[in-house]
Amino acid sequence: MAQVKISQVRKAYGSLEVLHGVDIDIPDGSFSILVGPSGCGKSTLLRMIAGLEVITSGDIIIGDKVVNDLSSPKRDIAMVFQNYALYPHLTVAQNMGFSLKVARVPKAIIAEKVKDAAEMLGLTDYLNRRPQKLSGGQRQRVAMGRAIVRDPSVFLFDEPLSNLDAKMRGQMRTELRAMHRRLGSTMIYVTHDQIEAMTMADQIIVMNDGYAQQVGAPLELYDRPANLFVAGFIGAPAMNFLSAKAAGGQVHLADGTRVQIQIADDFEGDVIVGIRPEHLVLDANGPLEITVDEIEPTGSETHISATTQQGVPIKMVTSERVTADSGETLTIGYEVKKLHLFDAKSTNRISISEQ
Ligand code: ADP
Ligand code: MG
């Protein structure tokens, strides 16, 4: 077990800088997830922690050691990739024990570690099979087993579930959490899937464009996104955004309605009001009129795609059963305390409170 500290880390490929000074503390024993869109620098950062990529500047500290100049095998980490990278000519047991064999660990100890890992991963009956005779989920488990037998201080995962079908992904998420509870090791996990991040992480690091945008517990990010990017990225369907102006302690929406809210620092100017789809309610006396485009019942809830009178698309999710044809008008409302407010220019969150 070890904490990991990433301090002012930059990465440039030639003249192209792809990470711009990232600071993250990964607590000892935590399940921390780096999440962000494709190309934002997640794999690059993980590979730098692993020692597979040179750090342009800054420090990576594992435990209490700066590891910038340590080779990968000396960092006490184990990495699991999306493409399982198993040896096709070796059995499951041989694949799992391979790194220990290379490190000249005695055979009996390898056998014991492989047996324990196989039990944890439900692979006991497959130890003598070769990878091509396994399902995708089983192959991914072998790749995890290969990491577990090394008993590293830090596990690094790069989109390990992306090649699996939806059902298997769901199952593996639960198993990974259970594995984390059992091993108690520090785990750093990369994904582009915010649901994966929300359901598995103790701590989420949202990344975009080579910057860490916000670090926090899943529901902290959900309840108090630090900027428009995080607000739009975390949560599905995504948060609705409406343009407005803040003046005199009120927010004036484009449709002419006003919302009375206390704005921190008496902010005035262009703002974006954020409302999550599940915080909109049908309300005959509500302030917003929307025109229905599409209604999708999922059984447990109804998803409504609509357009405001100003032509802004809006999504609403309700546990009520709504029947309306496309083109019909619905009147909706919201609780002011559920609104989010962002500075349109800086995109940063503005603190508000209901009056
Ligand atoms: P992610 O894992 O978040 O999808 P990556 O870390 O793989 O993103 O990539 C971040 C950025 O760095 C991308 O713009 C990518 O094109 C660039 N990049 C990654 N590897 C290299 C490389 N070896 N040479 C040049 N650019 C690279
Ligand atoms: Mg990647």
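For clarity, every value in this text was computed on a predicted model and none was experimentally measured. (Residues numbered from 1 in each chain as written. Chains lettered and ligands numbered in written order. Predicted model: local features only at pLDDT ≥ 70, side-chain atom pairs only at ≥ 80, totals over all residues. Heavy atoms only, no water.)

### A short note on the overall build of the chain
Counting secondary structure elements, the chain contains eight helices and 21 strands. A burial count over the chain gives 48% of its 355 residues as buried. For the chain, the computed accessible surface area is about 17,200 Å², with 48% contributed by carbon and sulfur atoms. Here the chain contributes 36 positive and 42 negative side-chain charges, whose respective centroids are spaced 13 Å apart. (Helix = DSSP H or I, 4+ residues; strand = E, 2+ residues; numbered from the N terminus. Buried < 20%, exposed > 50% of the residue type's maximum accessible area, 1.4 Å probe, protein only. Areas by Shrake-Rupley, 256 points an atom, 1.4 Å probe, with all protein chains shown as cover. Lys, Arg positive; Asp, Glu negative; His and termini not counted. Charge placed at Lys NZ, Arg CZ, Asp CG, Glu CD.)

### Considering the pairing of strand β20 (residues 340–343)
Where burial is concerned, the two faces of β20 agree: the one with H340 and F342 and the one with L341 and D343 are both buried. Relative to β20, strand β14 (residues 269–275) runs antiparallel, the two being bridged by four bridges. Within β20, the residue paired with V271 across the bridge is D343. (Pairing = 2+ DSSP bridges.)

### Section: the pattern of salt bridges
Inspection of every chain in the model, using the stated rule, returns eleven salt bridges. Among the ionic pairs, K115 bridges to E119, the shortest N-O distance being 3.8 Å. Taken together, the residues K115 and E119, both in helix α3 (residues 107–121) and four residues apart, mark about one turn of the helix. The class of E119 is partly exposed, set by a relative accessible area of 48%. Through salt bridges with shared partners, one network takes in K11, R47 and E53. (Salt bridge = Lys/Arg side-chain N within 4 Å of Asp/Glu carboxyl O.)

### Details of the pairing of strand β7 (residues 154–158)
Buried residues dominate β7, accounting for five of its five residues. Here four bridges tie strand β6 (residues 77–80) to β7, and the two strands are oriented parallel to one another. Within the sheet, the bridge partner assigned to A78 lies in β7 and is F155. In terms of strand pairing, β7 meets strand β8 (residues 186–191) through five bridges, oriented parallel. Note on β8: the bridge partner recorded for L156 is I188.

### Digging into the site of ligand 1
Y13, V18, P37, S38, G39, C40, G41, K42, S43 and T44 make up every residue found near ligand 1. For ligand 1, an oxygen atom lies 2.6 Å from a polar atom in the backbone of G39. S43 places a side-chain nitrogen or oxygen 2.8 Å from an oxygen atom of ligand 1. Relative to its unbound accessible surface of 560 Å², ligand 1 loses 57% to contact with the protein. (Near = heavy atom within 4 Å. Polar contact = N/O pair within 3.5 Å; in protein donor to acceptor, adjacent residues only side chain to side chain.)

### Focus: the domain arrangement of the chain
Here the chain is partitioned into domain 1 (4–232) and domain 2 (238–353). A straight line from the C-alpha centre of domain 1 to that of domain 2 covers 38 Å. Every contact between the two is made by ten residues of domain 1 and, on the other side, twelve residues of domain 2. Carbon and sulfur atoms make up 53% of the area that domain 1 and domain 2 hide from each other, which totals about 960 Å². When the area that domain 1 buries against domain 2 is broken down by residue, the three leading residues are Y222, L228 and A231, summing to 53%. At the boundary of domain 1 with domain 2, the tally comes to zero salt bridges. Between the two partners, domain 1 and domain 2, sit five residue pairs in polar contact (both at pLDDT 80 or more). Those elements that provide at least two residues to the side of domain 1 that touches domain 2 are α7 (218–223) and α8 (228–233). (Domains from an automatic or database assignment. Contact = heavy atoms within 4.5 Å. Buried area = accessible area lost by both parts, 1.4 Å probe.)

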